[in-house]
Structure formats: C-alpha cells, structure tokens
Amino acid sequence: MVNGTLEEYALASEGIDQAQLAGELLCSELKENNIPIEDVRIYYSPFSRTTNTAKTVASVLNVPFEIPQCKAMEELRERFFGPELEFQSHDKYAEIWALDEKDPFLGPEGGESVSDVASRLAAALEIMEAECQGCAVMIVSHGDPLQILQTEVHAAKQHSGSGGESLSARIEQVRVSSTLSQHRKFALLTGELRKIA
C-alpha cells in the first residue's frame, strides 16, 4: 500500500487533464447551486494519483490545499487486493469482482473484502459528517472504494429508518450481502465526477 504513495504512481498528463475537467465541472455545479468556495471541502486518498487529483481540483477552484478545506484520509485509500493480486494486470479485476458478487464478506487471500472497504468508508463518512456540516464535499478516491461507497449511500437512501439517524448509521444497517455484492452497478469512469448524496 505504501507503493501507492510513491511519486512514480502520480498522474500522467491525461490524468491531470481529467482532474482539470472534473474541477471545472465541479466549479460549474457550485455556481449553479450558489455554493460559496469557502463551503467546499475536499477529502482525498493519500495515494499519489488521488493527491495530484485533489491538488488540481483545488487549484481550479482556487481553494487552499491545506486543512480545513483539503484533507487526506487514510480511509479513502485504494482497496488492498492481497499480496497475490497487488500490481497485477487489470485483467485480474474480473476474478475479484466475481468473488465480490458471490460473497462480499470474503476478500481475495490476504486482501480486503467489499465489507472491509465498506467499513472504513463508513468511518470516513462519519468523520466528514462531523467536520462538514453545511459544506459541499468532494471525495477523491479510487474505483473500487468509490463504487462501494456509491452502493452504500444508495442503499442507505432507500432505507427508511427513524429519520434521525446519521448517514453512517443507516449505512451500517444496509451492509448486507445482497447490497454489497452489487457494487459493480455503480462503476465509474476514470476522472468521472458523480454526485452521491
């Protein structure tokens, strides 16, 4: 996992262009919704490519890349696929996703299951809820964590609780196999900006 923070894994020029575009799209969304820049928070994975993405977006928005507006969160890191699958071809994702669909509580050997990732993302959301009342939040993470997060938030929105529960509490209630096994339905494109809540 430390490898993901190395500079050699930073964004290539195409990734920088995608981050620039995401920042421009976010800027337009903020203007359309009359959200002032000082009410924007960016939370990002500490991996090089996501840190580069967050810095690029912050630059487009003219937001200082420092706390409280921008903050790295370990909970947003890439999913750990285990020692056998780390740094393997993207072709291996099909195997992992088949395993996820069969049992989202069972990860690849030595790696994180969908449920493991969902747990740390719920913890991240709890922190964000506490720190960002009334703010627009941009989350910069990775494909698997983001589609798992999207799955959780979608299911939590459908869940009819007492109404006074926090988002993270509702997410805990919908962390079941039938929900988590469907995370591929929320697959994202690289650099895609998507509203989740």
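First things first, this report covers the structure right here in the doc. (Residues numbered from 1 in each chain as written. Predicted model: local features only at pLDDT ≥ 70, side-chain atom pairs only at ≥ 80, totals over all residues. Heavy atoms only, no water.)

1. Quick word on the side chain of Thr-151
Then, number 1: Here Thr-151 shows up in helix H5 (residues 143–158).
Then, number 2: If we ignore the near neighbours within four places in the chain, the residues touching Thr-151 are Thr-179, Gln-182, His-183 and Phe-186. (Helix = DSSP H or I, 4+ residues; strand = E, 2+ residues; numbered from the N terminus. Contact = heavy atoms within 4.5 Å.)

2. Digging into the packing of helix H1 (residues 13–32) against helix H2 (residues 48–61)
Then, number 1: Contact geometry for H1 and H2: axes closest at 8 Å, N-to-C directions at 45 degrees. Here H2 runs oblique to H1, going by the angle between their axes. Here H1 and H2 pass one another in a crossing that is right-handed. Across from Ile-16, Ala-19, Gln-20, Gly-23, Glu-24, Leu-26, Cys-27 and Leu-30 in H1, the residues of H2 making contact are Thr-53, Thr-56, Val-57, Val-60 and Leu-61.
Then, number 2: Per-class residue counts for the contact of H1 with H2 are eight nonpolar, four polar and one charged. (Axes fitted to C-alpha atoms, helices over the stretch in contact; angles between N-to-C directions. Parallel < 35°, antiparallel > 145°, perpendicular 65-115°, else oblique. Left-handed = near helix turned anticlockwise from the far one by under 90°. Nonpolar A, V, L, I, M, F, W, Y, C, P; charged D, E, K, R; others polar.)

3. Here we look at the environment of Gly-82
Then, number 1: Mapped onto the elements of the fold, Gly-82 is located in the loop between strand S2 (70–72) and helix H3 (93–102).
Then, number 2: In this structure the C-alpha to C-alpha distance between Gly-82 and Thr-179, which are 97 residues apart in sequence, comes to 23 Å.
Then, number 3: Discounting residues that sit within four places of it in the chain, Gly-82 has contacts with Glu-109, Gly-110 and Gly-111.

4. A few points about the sheet that holds strand S3 (residues 136–140)
Then, number 1: Taken in spatial order, the three strands of this open sheet run S2-S1-S3, and their pairing is parallel. The open sheet has two free edges, formed respectively by S2 and S3, since each of these has just one partner strand. Direction aside, neighbouring strands of the sheet carry axes that sit 20 degrees apart on average.
Then, number 2: Pairing between strand S1 (residues 40–44) and S2: three bridges, direction parallel. Counted as the bridge partner of Ile-42 is Cys-70 from S2. (Pairing = 2+ DSSP bridges.)

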